[in-house]
Amino acid sequence: MTSPAPGVGFRFAGVGAHLPDTIVTNDDLSKNMDTTHEWIFDRTGIGQRHVGGTTSELATAACEKAMQRAGVGPEDIDQLLLATTSPDFICPGTAPQVAHNLGLDCGALDIQAACSGWVYGLVHANGLLLQGMDRILVAGAEALDQITDYTDRGTGILFGNGAGAAVVERDPTGASELLGFDLGAAGEFVHILYAEHGGLLQMDGKEVFRQAVTAINRSATNALERAGLTVADIDLVLPHQANIRIVEAAWKKLGFTMEQTAMRLHETGNTSAASIPLVLDQALDQGRIKEGSIVMFLGFGAGMTWATTIHRWSGDVR
Ligand code: ACO
């Protein structure tokens, strides 16, 4: 595979995020679980997580903000892609409900690629722009408290709820562009992180850690190569917010620095498909992405799946 077909540009027109109000701190968890704030924070970088709400409610709130910031109405959206691991129902998908809540009149479908889902969504959105659509809403939303086992200290400490969304559109000026991407999956690792129908998340933490580091290295390297860029060219990396130690271990091999990295894990926990748009929303608030910035999104998660995109950023979405 080569670089994305050039021609239509790829601009983030608006980005929004939403976290439910209820916060569960590590100290709160330690009241019902044999754990401590120090253990959780030291091993993962997580200090708290948000809980409550359904995936469709959280997604709707994030999408409303993204559309407002993009200055677009329901009639301007040609497709909704919703990445989620915790849909409201097994059937139907959650995207049609979110589209209905937003008053959209377009196609709407779920993407189930676990923590990589939102970045998968960006690549698929680029394909739809190339097909002639003008504007796609790409959301990532999770109500992971509904599939988390709070009696298991291996997984109960990790996950949180939240949502993020971006309106992406053609950019005929070419100022903003998808410069390169990489998507992958390795189904032989299904058993290391999964939830059965009606069940809760089960995880082999050490193996997930190992495979995540391998996937990150491989995917980032492939995407950089396809974009014709090096690690030093990237102004900001926004990795999936799973565990600070996973990011640090991967960065040792790749050569990224923490100064190049946006992290929001301490306040959100692992929000799976929502984690990257959530950290993007914060990075924009903090002014860390500017005109011409080269930005990398790097997702990895259950499946295993992985997904990396590299963008040249243009335009003010705040
Ligand atoms: N609090 C206190 N002690 C704990 C806890 C806890 N929450 N959990 C485990 N322990 C204990 C264990 O019982 C064990 O004790 P022992 O030595 O007396 O037997 C000790 O701590 C070490 O346990 P491990 O399971 O070996 O802990 P590890 O260092 O592997 O850390 C962790 C566990 C944090 C889950 C780690 O494996 C990890 O982060 N893995 C990646 C998982 C991940 O990020 N998943 C996210 C989903 S996938 C994705 O988004 C990519």
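Check the entry above for the structure.
Since we're looking at a predicted model, the values are computed, not measured.

Visitor: Go over the overall build of the chain, please, and point to the residues and values.
Guide: A count of helical and extended segments in the chain gives nine helices and 13 strands. Its C-alpha atoms give the chain principal-axis dimensions of about 55 × 45 × 35 Å. The burial tally for the chain puts 58% of its 318 residues in the buried class. Taking all contacts inside the chain whose residues are at least 6 apart in sequence as the whole, residues at least 24 apart take part in 78%. Surface accessibility of the chain: about 12,700 Å² in total, with carbon and sulfur atoms responsible for 51%. One finds the centroid of the 21 positive side-chain charges in the chain at a distance of 7 Å from the centroid of its 37 negative side-chain charges.

Visitor: Explain the site of the ligand residue by residue, including any values.
Guide: The immediate surroundings of the ligand are formed by 24 residues, with T35, R43, R153, K206 and N243 found nearest. A distance of 3.0 Å separates a nitrogen atom of the ligand from a polar backbone atom of G205. One of the side-chain N or O atoms of K206 is found 2.7 Å from an oxygen atom in the ligand. Bound to the protein, the ligand loses 72% of the 1,000 Å² it would expose on its own. The set of elements that each furnish at least two residues to the shell around the ligand consists of α2 (37-44), α6 (205-227) and β12 (294-301). Here the shell around the ligand takes four residues from α6, the largest share from any one element. Here the residues of the shell around the ligand are counted per class, giving 12 nonpolar, eight polar and four charged.

Visitor: Report on the packing of aromatic side chains, specifying residues and quantitative values.
Guide: Applying the stated criterion across every chain yields a total of five aromatic pairs. Ring geometry for F12 against W313: centres 4.7 Å apart, planes inclined by 10°, an arrangement best described as stacked. Here W313 lies in the segment after β13 (305-312) and F12 lies in strand β1 (residues 11-18), a separation of 301 residues in the sequence. Across this residue pair, the class does not change: F12 and W313 are buried. An aromatic cluster of at least three residues, connected via ring pairs, comprises F10, F12, W118, F297 and W313.

Visitor: Tell me about unusual backbone geometry, residues and numbers included.
Guide: Residue P92 is bonded to the preceding C91 through a cis peptide linkage, with omega at 5°. Looking at the element boundaries, P92 is found in the loop between β4 (79-83) and α4 (95-102). Residue G303 is joined to M304 through a cis peptide bond whose omega torsion reads -15°. Along the chain, the position of M304 falls in the loop between β12 and β13. Unusually for a residue other than glycine, A114 sits at a positive phi of about 50°. Mapped onto the elements, A114 comes out in the loop between β5 (107-111) and α5 (117-130). The phi torsion at S272 lies on the positive side, around 45°, for a residue other than glycine. Locating S272 in the fold gives a position in the loop between α8 (265-268) and α9 (275-285).

Cut-offs used in this document
Residues numbered from 1 in each chain as written. Predicted model: local features only at pLDDT ≥ 70, side-chain atom pairs only at ≥ 80, totals over all residues. Heavy atoms only, no water. Helix = DSSP H or I, 4+ residues; strand = E, 2+ residues; numbered from the N terminus. Buried < 20%, exposed > 50% of the residue type's maximum accessible area, 1.4 Å probe, protein only. Contact = heavy atoms within 4.5 Å. Areas by Shrake-Rupley, 256 points an atom, 1.4 Å probe, with all protein chains shown as cover. Lys, Arg positive; Asp, Glu negative; His and termini not counted. Charge placed at Lys NZ, Arg CZ, Asp CG, Glu CD. Near = heavy atom within 4 Å. Polar contact = N/O pair within 3.5 Å; in protein donor to acceptor, adjacent residues only side chain to side chain. Nonpolar A, V, L, I, M, F, W, Y, C, P; charged D, E, K, R; others polar. Phe/Tyr/Trp six-rings, centres within 6.5 Å; stacked < 30°, edge-to-face > 60°.

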